[in-house]
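Descriptive structure summary
What follows is the residue order along each chain.
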Amino acid sequence: MWCYRGGSISTEPRINDRIRVPEVRLVGPSGEQVGIVPLAKALELAQEYDLDLVEVAANARPPVCKLMDYGKFKYESAMKAREARKNQAHTVIKEMKLRPKIDPHDYDTKKGHVVRFLKQGDKVKITIMFRGREQSRPELGYRLLQRLAEDVQDLGFVESNPKQDGRNMIMVLGPHKKKTEAMAEARQAQEARKADAKANPGRSQNAAEFDAAEVDAAEAPAEEAAEEHAEA
């Protein structure tokens, strides 16, 4: 009975003398089709071009191999993957908690957080928390959620309508602006302020630090700040 005894399975393609087949379908350095040739001939051509013979389609019959600089290929692939990760935008769901009888000042503060999140391209989960007799007045929470949705309608939309969840009522707001767009705009704004700072040397260091923090906020993953999750 066969038993796998551990060890990692390589995902790297076979190259040069690691290729163990009688013949290959060869692709030249510029992508031209050379045709089916014996493996020895393919290796000979690789030496003439000072390149590597790389198996690019192992399951084909015969396997497809290409003449290339494998070291350069791996480096360029790693750089592309790194750039893709750098530009990757993760959808984040922030949360804001409110009480049905929130006072105007607290409401404005909470709304300000929601506006900031939506501008950053993040979704916002709004939770209305009912306590005691408030549970018999769900319409208070519903009206509050409707009011908030109307106040931020230029920046976001109701992705999930208000619904009761035990003692809470929940609504999800989605941003009109995609996360990637928000990140790009934040970077552009930062570059514009940097250019302005060079043109106006008297600009304060605190303002420059604020710019950097603004970009970091647009690009950072979800961070549950106590203020954002505190009860009203």
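A brief report on the enclosed structure follows. (Residues numbered from 1 in each chain as written. Predicted model: local features only at pLDDT ≥ 70, side-chain atom pairs only at ≥ 80, totals over all residues. Heavy atoms only, no water.)

Details of the pattern of salt bridges
- Under the counting rule described, the total for this entry stands at 5 salt bridges.
- Measuring nitrogen to oxygen at the nearest pair gives 3.7 Å for the salt bridge that ties E12 to K74. Residue E12 is found in the segment before β1 (23-27), and its partner K74 is found in helix α2 (residues 70-87); the two are separated by 62 residues along the sequence.
- Judged by its relative accessible area of 41%, K74 falls in the partly exposed class.
- Close ionic contact of E55 with R14 constitutes a salt bridge, the shortest N to O distance being 2.8 Å. Within this pair, whereas E55 is found in strand β3 (residues 52-57), its partner R14 is found in the segment before β1, the two being separated by 41 residues in sequence.
- For R14, a relative accessible area of 32% gives the class partly exposed. (Salt bridge = Lys/Arg side-chain N within 4 Å of Asp/Glu carboxyl O. Helix = DSSP H or I, 4+ residues; strand = E, 2+ residues; numbered from the N terminus. Buried < 20%, exposed > 50% of the residue type's maximum accessible area, 1.4 Å probe, protein only.)

What about the sheet that holds strand β6 (residues 123-129)?
- Pairing within the open sheet is mixed, and its 4 strands lie in the order β5-β6-β8-β7. Looking along the sheet, the strands with just one partner apiece sit at the ends: β5 (93-98) and β7 (156-165). Adjacent strand axes in the sheet meet at a mean angle of 20 degrees, parallel and antiparallel pairs treated alike.
- Sheet topology note: the β6/strand β8 (residues 168-175) ladder contains 6 bridges and is antiparallel. Its bridge partner being in β8, T127 is matched across the sheet by I170.
- Here helix α3 (residues 104-119) sits on the sheet and contacts β5, β6, β7 and β8; the angle it forms with β5, its principal contact strand, is near 170 degrees.
- Of the strands in this sheet, β5, β6, β7 and β8 are in contact with helix α4 (residues 138-151), which crosses β8 at around 10 degrees. (Pairing = 2+ DSSP bridges. Axes fitted to C-alpha atoms, helices over the stretch in contact; angles between N-to-C directions. Contact = heavy atoms within 4.5 Å.)

Looking at the sheet that holds strand β2 (residues 33-38)
- If you trace the 4 strands from one edge of the open sheet to the other, you get β2-β1-β4-β3, paired in mixed fashion. With partners counted over all chains shown, the strands left at the sheet margins are β2 and β3, one partner each. This sheet shows a mean twist of 35 degrees between the axes of neighbouring strands, independent of strand direction.

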